[in-house]
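# Observations on the three-dimensional arrangement
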Amino acid sequence: MVLSLKNKTVIFWFRQDLRLSDNPGLVEASKSGRVLPVFIYDPRFQIGAASKWWLHHSLNRLNESLNGNLNIYYGDSLQVLKKISKEYPVSEIYWNRLYEPLRIEQDTIIKSHFNSHGTKSISFNGSLLWEPWETLKKDQTPYKVFTPFYKNAALKSPRFPVEAPDLNFAQKNSFMAVDELKLLPEIPWYKGMESWGIGEKAAHEVLKVFLDEGMADYKQGRNYPAQKKVSRLSPYLHFGEISPNQVWHAASFRKDLGENLDTFLTELGWREFAHSLLYYFPKFDRENFQEKFNDFPWGDNAQYLSAWQNGKTGYPIVDAGMRELWSTGYMHNRVRMIVGSFLVKNLLIHWHHGKDWFWDCLVDADLANNSAGWQWIAGCGADAAPYFRIFNPILQGEKFDPDGEYIRKFLPELSKLPLKYLFTPWEAPDYILKSADIKLGQNYPLPIVDFNASRKQALSAYASVKII
DNA sequence: TGAAATGTTGGGGCG
DNA sequence: ACGCCCCAACATTTC
């Protein structure tokens, strides 16, 4: 019996779970037979340029940890799996579930195809702490407010991580190299991103550094983008190089960190909430969660959008954030809120444009989290920021980058500007600008909009949708 | 996970 | 000593 089990070939289909440890589907696959590890790059699922760059390296790391046994394919997932199962007597297909509408649609088709053709397909939860259907209100409808969602969800302790299994590999089927997926861009704009370590091992190192150095002051420190107090685990979580369960339990072990721990765990809770929203509202990535926003008078000033994308709005904290995004593929969360508020409220540009730009530029671009973040800041989401919450980029800079370290790092053209004028360069006297080598309008822009005037405009625009 | 406008209080300067 | 004004500091309301 054991022998016949061992001789079975089963597929483990990697998607956004590019790790060996705490991988429930992989564990079960390994118990059932010889494992053919498969990754399919399916062009139906469009990912941004920064994500492609990350995925390229992540697949290389995964292939290394599989001793070169990763089978890479390009094409429609169902067709590829059908092709493999013609060449192999595949008895089972294992994978970990994804919760995006298109994925669910496709996985359902694949599952029913194979189950009716004698190949069992079996899926697991490898990327969420709680299944969306486990956290519902008493009337069995999904939560629309974060706090009760999280309180209810956290009644159940998340599953403990499992060890990486011993794998017996099936004979290799695809000899396609990661390079052949052409995930790297022709123009190497990713130089600034190469300080990221990528892959499962790097993910655990990042987690360890955070637990040792960042989390002790997480609650306050996470607001200061120049400080290394945030986990920066988002890209690893997105690609599944580490599981939320591994993060949750490793963090929870540090009881000494008190409310800093609770605050951090709550952030994992927001990730769960975002996934639940996308699961139950499949158009969450493109339609206003609150329908009363459908007639909102968005503007469409292409020059404003371009200035925002390029970090040339004239507001240093906004521009520093957008430059961090462009050069590193990441942006500190405090700054994401500031630049988001500025785009949506001060420039009155539709949140879609912000979401699309982030999608292309972020190494942690994630459909659920990105959509939830933009709907939140625009005020049209679930449990969203109220319409009147408009971040003042000058005050936010003064409060959360008090030494100007973050601004100077990402806006080197302002590096010589004294702190007094660093948040408001347009107020600096000529002689100060001159001695700082700044020519406003030339090597650093004047503000593209007046904050106070644009704030008032936003309030009157939002008045058209506010609840009376 | 906001900021501005408006209201209140109390100490100090001053006639 | 007293009343008045000013205004900073803080609190509350409003957007």
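Structure first, text after, so check above.
Now for a description of the structure that goes with this document. All values derive from a computational prediction rather than experimental measurement.

## A short note on the protein's contact with DNA strand B
- Neighbouring residues of DNA strand B: W270, M337, F388, R389, I390, F391, N392, L395 and Q396.
- For the surface near DNA strand B, the residue count by class is six nonpolar, two polar and one charged.

## Section: the pairing of strand β5 (residues 120–124)
- When strand β4 (residues 90–96) meets β5, the two strands line up parallel, connected through five bridges. In the strand pairing of β5, Y94 is matched with I122.

## Some words on the packing of helix α14 (residues 333–346) against helix α16 (residues 367–378)
- Across the interface, α14 lies against α16 with an axial gap of 9 Å and an inter-helix angle of 60 degrees. It follows that α14 is oblique to α16 by the angle criterion. As α14 runs across α16, the sense of the crossing is right-handed. Along its contact with α14, which presents R336, M337, G340, S341 and V344, the element α16 presents G373, W374, I377 and A378.
- Across the contact of α14 with α16, the residue classes break down as five nonpolar, three polar and one charged.

## Some details on the sheet that holds β4
- Read from one edge of the open sheet, five strands run β3-β2-β1-β4-β5, paired in parallel fashion. Lying at the two open borders of the sheet, with one neighbouring strand each, are β3 (71–74) and β5. In this sheet, neighbouring strand axes are inclined to one another by 25 degrees on average, regardless of whether the strands run parallel or antiparallel.
- Where strand β1 (residues 9–14) lies against β4, five bridges are found, and the strand directions are parallel.

## Focus on the nonpolar core
- Core analysis: the largest hydrophobic core is formed by 123 residues, its most contacted members being I11, F12, V38 and L362.
- I11 has contacts with L36, V38, I84, V90, I93 and Y94, leaving out every residue within four places of it along the chain.

## A short note on the pairing of β3
- By the bridge criterion, four bridges tie strand β2 (residues 34–41) to β3 in an arrangement that is parallel. Bridge assignment links I40 to a residue of β3, and that residue is Y73.
- Read as a crossover between parallel neighbours, the route from β2 over helix α3 (residues 49–65) to β3 is right-handed.

## Some points on helix α15 (residues 351–361)
- Turning to α15, its buried residues number three or more, namely W351, H353, G354, K355, F358, W359 and C361.
- Buried-residue contacts for α15 involve α3, α12 (302–309), α13 (316–328), α14 and α16.

## Details of the environment of T108
- Tracing the sequence through the fold places T108 in helix α5 (residues 101–115).
- Measuring from C-alpha to C-alpha, the distance between T108 and K355 comes to 27 Å, with 247 residues separating the pair along the chain.

## What about helix α10 (residues 244–252)?
- Among the residues making up α10, those that are buried are P244, N245, Q246, V247, W248 and A251.
- The elements touched by buried residues of α10 are α7 (200–214), α9 (234–239) and α11 (258–280).

## Things to note about unusual backbone geometry
- A positive phi is found at K182, a non-glycine position, where the angle reads about 55 degrees.
- By the element assignment, K182 lies in the loop between α6 (146–153) and α7.
- Its identity is not glycine, yet L348 carries a phi of approximately 55 degrees, on the positive side.
- Along the polypeptide, L348 turns up in the loop between α14 and α15.

## Describing the environment of L433
- Considering the arrangement of structural elements, one finds L433 in helix α20 (residues 430–435).
- The partly exposed category is assigned to L433, around which 18 C-beta atoms lie within 10 Å.
- Taking the C-alpha atoms as reference points, L433 and F175, 258 residues apart in sequence, are found 59 Å from one another.
- Not counting chain neighbours up to four residues away, the residues in contact with L433 comprise A428, I438 and L440.

## A look at the packing of α6 against α11
- Direction vectors running N to C along α6 and α11 enclose 105 degrees, while the axes themselves pass 10 Å from each other. Comparing their axes, α11 and α6 come out roughly perpendicular. For the pair α6 and α11, the contacting residues are F146, F149, Y150 and A153 in the first and T266, G269, W270, E272, F273 and S276 in the second.
- The class makeup of the residues in the contact of α6 with α11 is six nonpolar, three polar and one charged.

The rules behind each value
- Residues numbered from 1 in each chain as written.
- Chains lettered and ligands numbered in written order.
- Predicted model: local features only at pLDDT ≥ 70, side-chain atom pairs only at ≥ 80, totals over all residues.
- Near = placed C-beta within 6 Å.
- Nonpolar A, V, L, I, M, F, W, Y, C, P; charged D, E, K, R; others polar.
- Pairing = 2+ DSSP bridges.
- Helix = DSSP H or I, 4+ residues; strand = E, 2+ residues; numbered from the N terminus.
- Axes fitted to C-alpha atoms, helices over the stretch in contact; angles between N-to-C directions.
- Parallel < 35°, antiparallel > 145°, perpendicular 65-115°, else oblique.
- Left-handed = near helix turned anticlockwise from the far one by under 90°.
- Contact = placed C-beta atoms within 7 Å.
- Core = buried A, V, L, I, M, F, W, Y, C linked by C-beta atoms within 7 Å.
- Buried ≥ 20, exposed ≤ 12 C-beta atoms within 10 Å, placed from the backbone.
- Right-handed = clockwise from strand over helix to strand, strands pointing away.

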